[in-house]
Amino acid sequence: MTDAPTPDQPTPAESTTTAPSTTDEEFQALLRGLRVWDTPLPSFDPDPGKAPAEPLPLFRQWLREAAEAGVAEPHTMSLATADATGVPNVRTVMLHGADRRGWHFASHRDSAKGRELAARPYAALGFYWPAVARQIRVRGTVAPAGPEESAADLHHRSTGALAAGLVGRQSEVLEAYEDLVQASEAAWERARREPDAPVPSWTLYLLRAEEVEFFQGDARRRHLRLRYRLDGGHWVRELLWP
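Fair warning: this is a prediction, and the values are worked out from it, not measured in the lab.

Visitor: What is the right way to read the overall build of the protein from this model?
Guide: Tallying secondary structure elements over the protein gives seven helices and nine strands in all. Taken along the three principal axes of its C-alpha coordinates, the protein extends 80 × 55 × 40 Å. Counting over 242 residues, the protein shows a buried share of 32%. For the protein, restricting intrachain contacts to residue pairs at least 6 apart in sequence, the fraction spanning at least 24 positions comes to 65%. Split by element, the accessible area of the protein, about 15400 Å² in all, is 54% carbon and sulfur.

In structure tokens:
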């Protein structure tokens, strides 16, 4: 009788499915061989007579131009937060809106990001659209919207979004994938049956920008950076060295 494999000994099936390893040199060669911005890039004039006095109109324009350029999911963004001890965290989420109140995103208030925002109500957003060599960085304070607006945000979305919200337990440890499958199936059935099913933990957050930076890439690395900085209730525009 042969011994059963110990936890640190892969089974034959595991051994046959292991991906080939990559050496440090091979990985560095891969990185050095990657190219960016190999297509004609748009121009951008930061002159005060051409750039708007506030960042919101320019943000909306750039997002629309990214979509028109074929960027997939241009409304996805990186959201950076920090916990009570200052340790940072980042993830990709979806933009739900942008108006004079701020940039909108949503999550469960008992999720990791919800707990971090409760402890430190400050966040940063990052958008990157490689097809047009543009990125936008947004920083500011974050506050939750009211329960009615939060519920409306969720119920205006898809059945799948509601089902995911009903599953909840975001960022908790999952003991087995089958547990998720079962919970998801039940949530989908309820979402179809009750399109207005409540999810009390779902929260819409509004980031009130204090600083917004627009970055236009340049093939010769003469990147253009235009920063809007809130000062005394008014926006100050300034260029930054790349």
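More follows now that the structure is in view.
Visitor: Help me out: how do you make sense of a nonpolar patch on the surface in this one?
Guide: Together, Phe-27, Leu-30, Leu-31 and Leu-34 make up a nonpolar patch on the protein surface, roughly 390 Å² of accessible area in all. Here Leu-31 is to be found in helix α2 (residues 24–33). On the basis of relative accessibility, which here comes to 41%, the residue Leu-31 falls in the partly exposed class.

Visitor: How should the side chain of Glu-238 be read in this particular structure?
Guide: Mapped onto the elements of the fold, Glu-238 is located in strand β9 (residues 234–240). A distance of 2.8 Å separates the side chain of Glu-238 from the side chain of Arg-227, its partner in a polar contact. Within the structure, Glu-238 has its side chain in polar contact with the side chain of Arg-229 (distance 2.8 Å). Those residues in contact with Glu-238 that sit more than four places away from it in its chain are Arg-225, Leu-226, Arg-227 and Arg-229.

Visitor: Hey, could you run me through helix α5 (residues 147–155) in this one?
Guide: Since one α-helical turn is 3.6 residues long, residues separated by three or four positions face the same way. Turning to α5, its buried residues number three or more, namely Ser-150, Asp-153 and Leu-154. End-on view of α5: buried residues confined to an arc of 95°, all on one side of the axis. Taken together, the buried residues of α5 touch β4 (102–108), α6 (159–167) and β7 (202–216).

Visitor: What am I meant to see in the pattern of salt bridges here?
Guide: It is possible for side chains of opposite charge to pair when their charged atoms get near one another. One pass over the structure, following the stated rule, counts 17 salt bridges. Ionic pairing is found between Arg-100 and Glu-54, a salt bridge with its closest N-O pair at 2.8 Å. Placement of Arg-100 in the loop between β3 (97–99) and β4 and of Glu-54 in the loop between α2 and α3 (55–68) is noted, with a sequence separation of 46 residues between them. Among the residues examined, Arg-100 registers a relative accessible area of 71% and is labelled exposed. The class for Glu-54 is partly exposed, based on a relative accessible area of 30%. Residue Glu-211 is joined to Arg-139 by a salt bridge in which the shortest nitrogen-to-oxygen separation is 3.2 Å. Here Arg-139 lies in strand β6 (residues 134–144) and Glu-211 lies in strand β7, a separation of 72 residues in the sequence. For Glu-211, a relative accessible area of 14% puts it in the buried group. The exposure class of Arg-139 is partly exposed, given its relative accessible area of 35%. Three or more residues joined by partner-sharing salt bridges are found here, namely Asp-99, Arg-101 and Glu-149.

Visitor: I would appreciate a short explanation of the environment of Val-87 in the present structure.
Guide: Turning to its location among the elements, Val-87 is positioned in the loop between β1 (76–82) and β2 (88–94). Placed 29 residues apart in sequence, Val-87 and Glu-116 show a C-alpha to C-alpha distance of 9.7 Å. Once you skip the residues sitting within four places of it in the chain, Val-87 turns out to touch Thr-81 and Ala-82.

Visitor: Sorry if this is basic, but what is going on with the nonpolar core here?
Guide: It is characteristic of soluble globular proteins that their nonpolar side chains tend to be buried jointly. If you look at the biggest cluster of nonpolar residues, it comprises 32 residues, and the most contacted ones within it are Phe-59, Trp-103, Phe-105, Phe-127, Trp-129, Ile-136 and Leu-207. Sorting elements by how many residues they give to this core places α3 first, with six residues. Each residue touching Ile-136, except ones within four places of it in the same chain, is listed here: Phe-59, Trp-62, Leu-125, Gly-126, Phe-127, Trp-129, Val-212, Glu-213 and Phe-214. By size, the runner-up hydrophobic cluster in this structure holds 11 residues, among which are Leu-154, Ala-187, Ala-191 and Leu-206.

Visitor: Is there a simple way to think about the pairing of β2 in this case?
Guide: Successive residues of a regular strand alternate their side chains across the two faces of the sheet. Relative to β2, β1 is paired through seven bridges, and the arrangement is antiparallel. Bridge pairing links Thr-81 to Asn-89 in β2. Counted along the chain from β1 to the antiparallel partner β2, the turn is five residues long, and its residue Gly-86 has a positive phi close to 95°.

Visitor: I keep staring at the environment of Asn-89 and nothing clicks. Help me out?
Guide: Relative to the helices and strands, Asn-89 resides in strand β2. The partly exposed category is assigned to Asn-89, whose relative accessible area is 31%. For the pair Asn-89 and Ala-29, spaced 60 residues apart in the sequence, the C-alpha separation amounts to 29 Å. Discounting chain neighbours no more than four positions away, the residues touching Asn-89 are Leu-79, Ala-80, Thr-81 and Glu-116. At 3.2 Å, the side chain of Asn-89 and the side chain of Glu-116 are in polar contact.

Cut-offs applied
Residues numbered from 1 in each chain as written. Predicted model: local features only at pLDDT ≥ 70, side-chain atom pairs only at ≥ 80, totals over all residues. Heavy atoms only, no water. Helix = DSSP H or I, 4+ residues; strand = E, 2+ residues; numbered from the N terminus. Buried < 20%, exposed > 50% of the residue type's maximum accessible area, 1.4 Å probe, protein only. Contact = heavy atoms within 4.5 Å. Areas by Shrake-Rupley, 256 points an atom, 1.4 Å probe, with all protein chains shown as cover. Patch = residues over 30% accessible without salt bridge, like charges linked within 9 Å, V, L, I, M, F, W, Y side chains within 5 Å. Salt bridge = Lys/Arg side-chain N within 4 Å of Asp/Glu carboxyl O. Polar contact = N/O pair within 3.5 Å; in protein donor to acceptor, adjacent residues only side chain to side chain. Arc of directions from axis to C-beta. Core = buried A, V, L, I, M, F, W, Y, C linked by side-chain atoms within 4.5 Å. Pairing = 2+ DSSP bridges.

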